[in-house]
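# What the coordinates show
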2 protein chains.
Amino acid sequence: MAFQNRDDDGGNETPPTGLTTDTLGKSLGYALRRAQLRTFDDFVRTLEPVNLRPAYYSLLAVIEENPGLNQSEASATLGIQRTNLVAMVDYLEGRGLIERRSAESDRRSYALHLTDSGKAVVGRARELHGAHEARLAQKLGPQGREQLLRLLQKLMD
Amino acid sequence: MAFQNRDDDGGNETPPTGLTTDTLGKSLGYALRRAQLRTFDDFVRTLEPVNLRPAYYSLLAVIEENPGLNQSEASATLGIQRTNLVAMVDYLEGRGLIERRSAESDRRSYALHLTDSGKAVVGRARELHGAHEARLAQKLGPQGREQLLRLLQKLMD
DNA sequence: TATTGTTATACTCTATAACTATA
DNA sequence: TATAGTTATAGAGTATAACAATA
């Protein structure tokens, strides 16, 4: 830590300026945010070969695992607003990765399905995702990853 | 976990739909993102009494700890673009919480300082921030917080 | 030449209100 | 009445290019 602090303290940010950031350096919320942003950034670059943003990949993955679900179910599962999901579905449908099939049981809703092309893309994306997760696991160590998952789960309660 | 899964697996999201989310449920990046968003949301509400967004609070805190720093230093420390910091400084100056003093050594830059009003507000904000951090610590347990900080630090390497 | 602050701009993500067609 | 999908819209947050003043 090339980062001078009057009083010793454990985990701290390492700003490139050499300035003091005691308040933020001691903040768990801030550490969580910075780590998430850096991890997310790596993931965004990871998915570039398939030209998908993380949210779009997550939508494809949910459709793959729950073929025929409707848009309300997809948005609720992903924590996205129904209204904001529309453009995402439009986009993926425009790329020919998914399709809206009119549901026979409820004529208001669409059943979402992957196309063959979509299945191929999500398969390739899943490989890239796996490499990203492996990179994180390597940083954390074997049991560090499980520890982190458990602690993050506690934050969700 | 009121959330059926064919195969047993440890840490998983708990979507309100009952749909399967194996890919996302096993993803550390996704867990990190969801936990950060929830934590951030709590922090946003925490700061409402002082009418400050988290980024503005972090700027006030950095100025408090490094009085006289310039905008480039502030933006680099916080990981914000210089260009995007301008409106933030404008806003806080407009509220009378900080001031731009012309730096004698370098006439291009401003020295940022808290006003007396700014010191009072950041003091109150720090109390609220402390309550937020205490809430997180309670969810994680005594040593859980330190574990999490250490693991997040590993992600930053 | 390089740096500080600045403006303009654009793109993504997110949130709300209101509409339609169905249920 | 309520729900599924949709449109319009607005607010954050973030990113790049270009400029004037100063170093």
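Structure's up top.
This is a predicted model, so every value here is computed, not measured.

### Digging into the protein's contact with DNA strand D
Close contacts around DNA strand D come from 18 residues, with Gln71, Ser72, Thr83, Arg100 and Arg108 of chain A the closest. Those atoms of DNA strand D that come within 4 Å of the protein belong to sugar or phosphate at a rate of 61%. A distance of 2.8 Å is found between a phosphate oxygen of DNA strand D and a side-chain nitrogen or oxygen belonging to Arg100 of chain A. Listed by contribution, the elements that provide at least two residues to the surface near DNA strand D are helix H4 (71-78) and helix H5 (82-94) of chain A together with helix H5 (82-94) of chain B. Of the residues forming the surface near DNA strand D, the biggest block, three residues, is contributed by H5 of chain A. Class assignment of the residues belonging to the surface near DNA strand D gives a composition of two nonpolar, eight polar and eight charged.

### Examining unusual backbone geometry
In this structure, Asn51 of chain A is a non-glycine residue whose phi angle is positive, near 55 degrees. For Asn51 of chain A, the position within the fold is in the loop between helix H2 (28-46) and helix H3 (54-65).

### Considerations on the relation of the copies chain A and chain B
Take chain A, turn it by 180 degrees, move it 0.0 Å along the axis, and it overlays chain B with an RMSD of 0.1 Å. Expressed as an axis order, the relation between the two copies is that of a two-fold axis. A share of 100% of interface residues in chain A that are also interface residues in chain B marks the association as one of identical surfaces.

### Quick look at the interface of chain A and chain B
Between chain A and chain B, the contact holds 56 residues from the first and 56 residues from the second. Summed over both sides, the interface between chain A and chain B buries roughly 5400 Å², with carbon and sulfur atoms accounting for 64% of that surface. Taken together, chain A and chain B are joined by zero salt bridges. On inspection of chain A and its partner chain B, the count reaches 26 residue pairs in polar contact (both at pLDDT 80 or more). Secondary-structure elements contributing two or more residues to the side of chain A that touches chain B are helix H1 (22-25), H2, H3, H4, helix H6 (116-140) and helix H7 (142-155) of chain A. If one sorts the elements of the side of chain A that touches chain B by residue count, H2 of chain A sits on top with twelve residues.

### What about the environment of Arg101 of chain B?
Residues and elements named next belong to chain B. Inspection of the secondary structure assignment puts Arg101 in strand S1 (residues 98-102). Judged by its relative accessible area of 38%, Arg101 falls in the partly exposed class. Looking at Arg101, its side chain comes within polar contact range of the side chain of Glu99, at 2.8 Å.

### What to know about the protein's contact with DNA strand C
DNA strand C sits among 18 residues. The nearest are Asn84 of chain A together with Ser72, Thr83, Arg100 and Arg108 of chain B. Of what DNA strand C places within 4 Å of the protein, 58% of the atoms are sugar or phosphate. At 2.9 Å from a base nitrogen of DNA strand C is found a side-chain nitrogen or oxygen belonging to Asn84 of chain A. With three residues, H5 of chain B is the single largest residue contributor to the surface near DNA strand C. Across the surface near DNA strand C, the residue classes tally to two nonpolar, eight polar and eight charged.

### Details of the environment of Gly123 of chain B
All names here are of chain B. In this structure, Gly123 sits in helix H6 (residues 116-140). On the basis of relative accessible area, Gly123 is assigned to the partly exposed category, the value being 29%. Between the C-alpha atoms of Gly123 and Ala137, which are 14 residues apart in sequence, the distance is 21 Å.

### Observations regarding the pattern of salt bridges
Residues and elements named next belong to chain A. Taken as a whole and assessed by the stated rule, the structure comprises 22 salt bridges over all chains. Measuring nitrogen to oxygen at the nearest pair gives 3.1 Å for the salt bridge that ties Arg45 to Asp41. One end of the pair is Arg45 and the other is Asp41, both in helix H2 and four residues apart, which spans about a single turn. Judged by relative accessible area, which is 48%, Arg45 ranks as partly exposed. A network of salt bridges, in which partner residues are shared, links Asp90, Glu93 and Arg100.

About the thresholds
- Residues numbered from 1 in each chain as written.
- Chains lettered and ligands numbered in written order.
- Predicted model: local features only at pLDDT ≥ 70, side-chain atom pairs only at ≥ 80, totals over all residues.
- Heavy atoms only, no water.
- Near = heavy atom within 4 Å.
- Polar contact = N/O pair within 3.5 Å; in protein donor to acceptor, adjacent residues only side chain to side chain.
- Helix = DSSP H or I, 4+ residues; strand = E, 2+ residues; numbered from the N terminus.
- Nonpolar A, V, L, I, M, F, W, Y, C, P; charged D, E, K, R; others polar.
- Least-squares fit on C-alpha atoms with pLDDT ≥ 70 in both.
- Contact = heavy atoms within 4.5 Å.
- Buried area = accessible area lost by both parts, 1.4 Å probe.
- Salt bridge = Lys/Arg side-chain N within 4 Å of Asp/Glu carboxyl O.
- Buried < 20%, exposed > 50% of the residue type's maximum accessible area, 1.4 Å probe, protein only.

These values are about where atoms sit, not about what they do.
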